[in-house]
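# Summary of the model geometry
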Amino acid sequence: MTPGTTLTVRAPAKINLHLGVGAPREDGFHPLTSVYQAVGVYDDLTVADADGWSVDVTVSDWMDRSQVPLAGDNIVDRAATLLAAHHGLTVSGEAHIDKAIPVAGGMAGGSADAAAALVALDRLWEANTSDDDLLALAAQLGSDVPFALVGGTALGTGRGEIVEPVPDAGTWWWVLVPSATGLSTPEIYRHFDRLFPDAPVVPPMPEPLLAALAAGDARALAAALHNDLQPAALDLRPDLARLIDAGEAAGALRGVVTGSGPTCVFLCESADQARETAAELQAAHDVVLVTTGAVAGAHTVSYV
């Protein structure tokens, strides 16, 4: 690496347009059939040349910094260790995360940070990792990390880590409402298992949703949005059901819980409709975000 090198990689939040969940496999993971979309809410990860290794984080004012693990337990540490071991290198550098993706919000903020770390450290260390190897390392870090590398709109299978881009002709407007109180992903899956003991071995393909994306049809997409984990999330957090009703009453085409929650996302037909919906929701919620999808996966935004 060049002494004094600093670079920043930006990685997007993920929302689930479809999340089909099957019965637990022998390894404990649930088989998934998911359609991911990367949206324009980002974490930035900056790495700088250094002899040792450290990770620090800055979060948006409305987030609880204590929910972000540090001191060796951050997914960025694990990404650095995995990439270094792959190449027989020593972990080095100073990493700083600027978080805007909700923490514990079902939007894969940790996975975005891991993907950003893989891209940033690969370049900082001049490791020249192949795309296939980066995706394989990403899959070892977590089910959502490969998608954070790829971005766009994609179909996820396996436990979500097998990612394939899908045709998407639309520019989609979303209103996102995160929650100050997170939901435990393991607990949501345990509650799903209690609610749906007869879940299929492999969740079916969401053909109507894939067709809506390919056609760029917002109303058809709204009708096809689906999340198998939503009943579990609403059962544990009834306030989310009231939020979804409020967003749809405010003009959104459809509202759903994304991922394991608690963030709720609302598809709108236009930028104006998204802004109007957000304005209505802001009366009762501290943080309401308006954004678009699909956007690119983890990518370098500065290099000096």
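Residues numbered from 1 in each chain as written. Predicted model: local features only at pLDDT ≥ 70, side-chain atom pairs only at ≥ 80, totals over all residues. Heavy atoms only, no water.

### Some details on the overall build of the protein chain
Our working definition: Think of it this way: any DSSP run of H or I at least four residues long counts as a helix, any run of E at least two long counts as a strand, and we number them from the N terminus. In this treatment the radius of gyration is a C-alpha quantity, and the globule benchmark scales as 2.2 Å times the residue count to the 0.38 power. Throughout, exposure labels follow a simple rule: accessible area from a 1.4 Å probe, protein chains only, divided by the maximum for the residue type, with under 20% read as buried, over 50% as exposed, and the rest as partly exposed.
Assigned secondary structure in the protein chain consists of ten helices and twelve strands. For 304 residues, the compact-globule estimate of 2.2 N^0.38 gives 19 Å, and the C-alpha radius of gyration of the protein chain, at 19 Å, lies within 12% of that figure. Each of the three principal axes of the protein chain carries a C-alpha extent, and together these read 55 × 45 × 35 Å. Here the protein chain holds 304 residues, and 52% of them are scored as buried.

### Digging into the pairing of strand E4 (residues 93–99)
Applied cut-off: Paired strands, in this sense, are two strands between which DSSP finds at least two bridges.
Of the two faces of E4, only one is covered, namely that formed by Gly 93, Ala 95, Ile 97 and Lys 99; the face formed by Glu 94, His 96 and Asp 98 stays uncovered. Two elements, strand E3 (residues 53–59) and E4, share seven bridges in a ladder whose sense is parallel. Bridge pairing in E4 links Trp 53 to Gly 93.

### A word on the packing of aromatic side chains
For any two aromatic rings, the description comes down to two numbers: the centre-to-centre distance and the angle of the planes. What counts, and what does not: Ring geometry is summarised as follows: Phe, Tyr and Trp rings, the Trp one being its six-membered ring, pair when their centres sit within 6.5 Å, and such pairs are stacked at plane angles under 30 degrees, edge-to-face over 60 and tilted between the two. Any Lys NZ or Arg CZ that is within 6 Å of a ring centre and within 35 degrees of that ring's normal is treated as a charge sitting over the ring.
Evaluation of the coordinates by the stated rule reveals two aromatic pairs. Here Phe 192 and Phe 196 contribute two aromatic rings whose centre-to-centre distance is 5.2 Å and whose plane-to-plane angle is 40°, an arrangement assigned as tilted. Positioned above the aromatic ring of Tyr 303, the side-chain terminus of Arg 123 is 3.9 Å from the ring centre. Directly above the aromatic system of Phe 29 lies the positively charged group of Arg 159, at a separation of 4.9 Å from the ring centroid.

### What about the nonpolar core?
The tendency in soluble globular proteins is for nonpolar side chains to be buried side by side. Quick note on the threshold: Buried Ala, Val, Leu, Ile, Met, Phe, Trp, Tyr and Cys residues form a nonpolar core when they are joined through side-chain atoms within 4.5 Å.
Of all hydrophobic cores here, the largest spans 60 residues; its most connected members are Leu 17, Trp 174 and Leu 221. In terms of nonpolar packing, the next biggest core, distinct from the first, is built from 25 residues, Val 177, Ala 252, Phe 266 and Val 288 among them.

### Comments concerning the environment of Gly 20
We apply this condition: Any two residues whose heavy atoms approach within 4.5 Å are treated as being in contact.
Counting through the fold element by element, Gly 20 comes out in strand E1 (residues 6–21). Taking the C-alpha atoms as reference points, Gly 20 and Gly 156, separated by 136 residues in sequence, lie 10 Å from one another. Discounting chain neighbours no more than four positions away, the residues touching Gly 20 are Pro 31, Leu 32, Thr 33, Pro 203 and Asp 228.

### Brief notes about the packing of helix H1 (residues 75–87) against helix H3 (residues 131–141)
In plain terms, the rule: Only C-alpha atoms enter the line fits that serve as axes; for helices the fit covers just the stretch in contact. Angles between N-to-C directions range over 0 to 180 degrees. Any angle from 65 to 115 degrees is called roughly perpendicular, while one under 35 is roughly parallel, one over 145 is roughly antiparallel, and all others are oblique. Crossing handedness is read from the near helix: turned anticlockwise from the far helix by less than a right angle, it gives a left-handed crossing, and turned clockwise, a right-handed one.
Between H1 and H3, the shortest axis-to-axis distance is 10 Å and the interhelical angle comes to 135°. By the angle between their directions, the pair H1 and H3 is classed as oblique. Seen along the crossing, H1 lies across H3 with a hand that is right-handed. Contacts from Ile 75, Arg 78, Ala 79, Leu 82, Leu 83 and His 86 in H1 reach Asp 133, Leu 137, Gln 140 and Leu 141 in H3.

### As for the environment of Arg 190
Its location among the elements puts Arg 190 in helix H5 (residues 185–195). For Arg 190, a relative accessible area of 43% translates into the label partly exposed. Sequence spacing of Arg 190 and Ala 139 is 51 residues, and the spatial spacing of their C-alpha atoms is 22 Å.

### Overview of helix H9 (residues 238–249)
Condition: The span expected for a helix works out to 1.5 Å for each residue beyond the first. It is the directions from the helix axis to the C-beta atoms whose arc is reported.
The first and last C-alpha atoms of H9 sit 17 Å apart over twelve residues, in line with the 16 Å expected at 1.5 Å per residue. Those residues of H9 that sit buried are Leu 240, Leu 243, Ile 244 and Gly 247. One side of H9 holds all its buried residues, which, seen down the axis, span an arc of 100°. Those residues of H9 that are exposed and aimed more than 90 degrees away from the buried face are Arg 242, Asp 245 and Ala 249. Elements in contact with the buried residues of H9: strand E7 (172–177), helix H8 (230–236), strand E9 (254–257), strand E10 (264–268) and helix H10 (271–281). Backbone geometry just downstream of H9 places Gly 251 in the positive-phi region, at approximately 125°.

### Quick notes on the pairing of strand E2 (residues 32–48)
Most of E2 sits out of view: 14 of its 17 residues are buried. With 15 bridges connecting them, E1 and E2 associate as antiparallel partners. Across the sheet, residue Ala 11 finds its bridge partner in E2, namely Asp 43. Where E2 and strand E5 (residues 153–157) come together, four bridges link them in antiparallel fashion. Counted as the bridge partner of Ser 34 is Gly 156 from E5. Of the strand pairs in this sheet, E2 and E4 are connected by five bridges, and their pairing is antiparallel. Considered in E4, the bridge of Thr 46 is made with His 96.

### Regarding unusual backbone geometry
Look at the link from Gly 261 to Pro 262: it is a cis peptide, with omega at 5°. You can see Pro 262 is positioned in the loop between E9 and E10. You will see that Glu 126, though not glycine, has its phi angle at about 55°, which is positive. Relative to the assigned elements, Glu 126 resides in the loop between helix H2 (109–124) and H3. A residue is classified by how much of its surface remains accessible, and Glu 126, at 46% relative accessible area, is partly exposed. A positive phi angle, near 55°, is found at Asn 128, a position not held by glycine.

Any functional reading would require information beyond the geometric quantities listed.
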